[in-house]
Amino acid sequence: MSQSILERIKARTPGETEFHQAVDEVFLNVEQVLKENPKYEELNIFERMTEPERTIMFQVPWVDDQGNVNVNRGYRVQMNSAIGPYKGGLRFHPTVNLSILKFLAFEQIFKNALTGLPMGGGKGGADFDPKGKSDGEIMRFCQSFMQELAKHIGHRTDVPAGDIGVGSREIGYLFGMYKKIKNEFVGVLTGKGQGWGGSLIRPEATGYGLIYFAMYMLAEDNDTIEGKRCLVSGSGNVAQYAIEKIIQNGGIPVTASDSSGFIYDPDGIDAEKLAFIKELKNVKRGRIHEYAEKFPAATFTPRDKAATHNPLWDIEADLAFPCATQNEINGEDARNLVKNGIKLLAEGANMPTTPEAIDILRENGVKYAPGKASNAGGVATSGLEMVQNYGGIYWTFEQVDQKLKDIMKNIHDNCLRTAAKYGKPGDYMAGANIAGFIKVADAMVAAGVL
Ligand code: NDP
Ligand code: 2IT
């Protein structure tokens, strides 16, 4: 019976490999829960959770600076609204396709449930490549994208935010266009600027939340992040604020990367060097090798697309925080992490660790936190932005930061409590999948078959 559910799901979604990977992982953990709850089986809850409630695909035409007319494909996957309006980011990247957005929207269901806030799961984006585009091109693309998306979202219906390639600049253009079309100033997007409805701490929240989560994991062993050497991949929103929070707590981040390669700074990235990365990436939109030119103690290793492993994960360190993209750590990388003494890996990115790599890490005693738990601080703070927008209120930096810490602690404790209850003590992955699943499943049972 159980086998046939997975077979049915995969037969109906041929070629959607990333989506299948995400579904397999959750199913592995919730199979036992399904067996113990005949109601879930009777109402076919798991299979229904894997089918988007609605998928929107649309044409995004836009004019570049040379006057050429280009066309991209836009998407919004409205996966599950059992516990609240659809909520999840928008990704602009040339690799975006339906499989990737469905895996992200599926993960988002459980992540959002874990935050304790009433948010359903969704994800969207476009196969648009923001690299090398002028500000005017980005603006025109965002406006064209929103012209169609506006028909399908709303502050009580579906509330998008940022993800890869979508930061505060893009949210500004998207929000501006929504407001113009609807003649309505509402919190239809999160990650807005502070002066126009945004929440303090939202820009920092994913990276900060990730490190808070890792610190709670370390505290279980009476350990701290102080003095720990940390491998970080990526140099975008999540990586920058993970690095910042590591530094603030006495840890030593030694790497950062982008799609062209990585830098290794044996002296550690300090606050001043991080300021350089922020300026380089957020303002100049340059490449990470410039770091090694500015700070000669650091080395730059270009990305070798033919290589079977990423040498970033073959550096001696204590903790690892993948913050770039999916499947960036494979089995060979995991073996290198183990060989180099990594004690803990917490995911800032969504699904950065392949199933083989997860097995290798866990078999070798590396503490492992899945992204749906450890990177939930971003969407949680988006939820806090929604609450502030609904109420017309503004919380201080300290208030939001405290709420973020409390939420990450609750997620951490909920993972451990649930894992123990289901006979998997210390298993953050099982705890996250089971706790998130049960919350949404119970809401679906309550709502009936619709
Ligand atoms: P950004 O666009 O700000 O940064 C992405 C970083 O990852 C860049 O350094 C980018 O390099 C690198 N990267 C992206 N794709 C690839 C690739 N295929 N190979 C190598 N490097 C790559 O995105 P975010 O920091 O917002 O997102 C990073 C990860 O975190 C994603 O997995 C996202 O889903 C996840 N996440 C984000 C949240 C948020 O609030 N923003 C919340 C929770 C999870 P380059 O510039 O060269 O492309
Ligand atoms: O993957 C994610 O959780 C995000 N990109 C953030 C989503 C959000 O709505 O803040």
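Below: a short report on this structure. Since this is a predicted model, take the numbers as computed values, not measurements. (Residues numbered from 1 in each chain as written. Chains lettered and ligands numbered in written order. Predicted model: local features only at pLDDT ≥ 70, side-chain atom pairs only at ≥ 80, totals over all residues. Heavy atoms only, no water.)

Notes on the overall build of the protein chain
- Along the backbone of the protein chain there are 17 helices and 13 strands.
- Taking 22 Å as the expected radius of gyration for a compact globule of 450 residues, we find that the protein chain reaches 21 Å, a close match to that expectation.
- Taking the principal axes of its C-alpha atoms as reference, the protein chain extends roughly 60 × 60 × 45 Å.
- Counting over 450 residues, the protein chain shows a buried share of 56%.
- When the accessible surface of the protein chain is summed, it comes to about 17700 Å², and 51% of that surface belongs to carbon and sulfur atoms.
- Averaged over its 50 positive side-chain charges, the protein chain has a centre that lies 5 Å from the centre of its 56 negative ones. (Helix = DSSP H or I, 4+ residues; strand = E, 2+ residues; numbered from the N terminus. Rg over C-alpha atoms; globule rule 2.2 N^0.38 Å. Buried < 20%, exposed > 50% of the residue type's maximum accessible area, 1.4 Å probe, protein only. Areas by Shrake-Rupley, 256 points an atom, 1.4 Å probe, with all protein chains shown as cover. Lys, Arg positive; Asp, Glu negative; His and termini not counted. Charge placed at Lys NZ, Arg CZ, Asp CG, Glu CD.)

Points about empty space enclosed by the protein
- Using the criterion set out here, one finds one cavity of 30 Å³ or more in the structure.
- Of the pockets and cavities examined, the largest cavity occupies roughly 40 Å³.
- Take the lining of the largest cavity: its biggest share by element is three residues, from helix α4 (residues 45–50).
- Residues belonging to the lining of the largest cavity are distributed by class as follows: five nonpolar, one polar and two charged. (1 Å grid on protein atoms, 1.4 Å probe; cavity = no way out; pocket = protein on both sides within 12 Å on 5 of 7 lines; lining within 4 Å. Points joined across faces, edges and corners; volume = space filled by probe spheres on them. Nonpolar A, V, L, I, M, F, W, Y, C, P; charged D, E, K, R; others polar.)

Re the side chain of Glu385
- Mapped onto the secondary structure, Glu385 falls in helix α15 (residues 377–391).
- Within the structure, the side chain of Glu385 is placed 3.1 Å from the backbone nitrogen of Gly191, a separation counted as a polar contact.
- Here Lys192 takes part through its side chain, which lies 2.8 Å from a polar atom of the side chain of Glu385.
- Ignoring any residue separated from it by four or fewer positions in sequence, one finds Glu385 in contact with Leu189, Thr190, Gly191, Lys192, Gly197, Gly198, Ser199 and Arg202. (Polar contact = N/O pair within 3.5 Å; in protein donor to acceptor, adjacent residues only side chain to side chain. Contact = heavy atoms within 4.5 Å.)

Structural notes on the nonpolar core
- In terms of nonpolar packing, the biggest core is built from 58 residues, with Phe213, Ile269, Tyr291, Phe321, Cys323, Leu344 and Ile411 touching the most fellow members.
- The element that contributes the greatest number of residues to this core is helix α8 (residues 202–219), accounting for nine residues.
- Once residues within four sequence positions are removed from consideration, Cys323 is found in contact with Leu210, Val232, Ser233, Gly234, Val238, Ala239, Ala242, Glu328, Gly348 and Ala349. (Core = buried A, V, L, I, M, F, W, Y, C linked by side-chain atoms within 4.5 Å.)

Description of the site of ligand 1
- What surrounds ligand 1 is a group of 26 residues, the closest being Asp163, Thr206, Ser259, Arg287 and Asn350.
- A distance of 2.8 Å separates an oxygen atom of ligand 1 from a polar atom in the side chain of Thr206.
- At a separation of 2.8 Å, an oxygen atom of ligand 1 approaches a polar side-chain atom of Asn350.
- In isolation ligand 1 exposes 890 Å². Once the protein is present, 85% of that is buried.
- Broken down by secondary-structure element, the contributors of at least two residues to the shell around ligand 1 are α8, α9 (237–248) and β8 (255–258).
- Per-class residue counts for the shell around ligand 1 are five nonpolar, 13 polar and eight charged. (Near = heavy atom within 4 Å.)

Some thoughts on the pattern of salt bridges
- Across all of its chains, the model carries 28 salt bridges by this definition.
- Here Glu47 and Arg12 are joined by a salt bridge, their closest N and O atoms 3.1 Å apart. Residue Glu47 is found in helix α4, and its partner Arg12 is found in helix α1 (residues 2–12); the two are separated by 35 residues along the sequence.
- Arg12 gets classed as partly exposed once you look at its relative accessible area, which sits at 45%.
- The residue Arg12 makes a salt bridge to Glu51 at a minimum N-O spacing of 2.9 Å. A residue pair is termed long-range when its members are at least 10 positions apart, and Arg12 in helix α1 and Glu51 in the loop between α4 and β1 (54–63) qualify at 39 residues.
- Ionic contacts of the salt-bridge type, sharing partners, join the residues Arg8, Arg12, Glu47 and Glu51 into one network. (Salt bridge = Lys/Arg side-chain N within 4 Å of Asp/Glu carboxyl O.)

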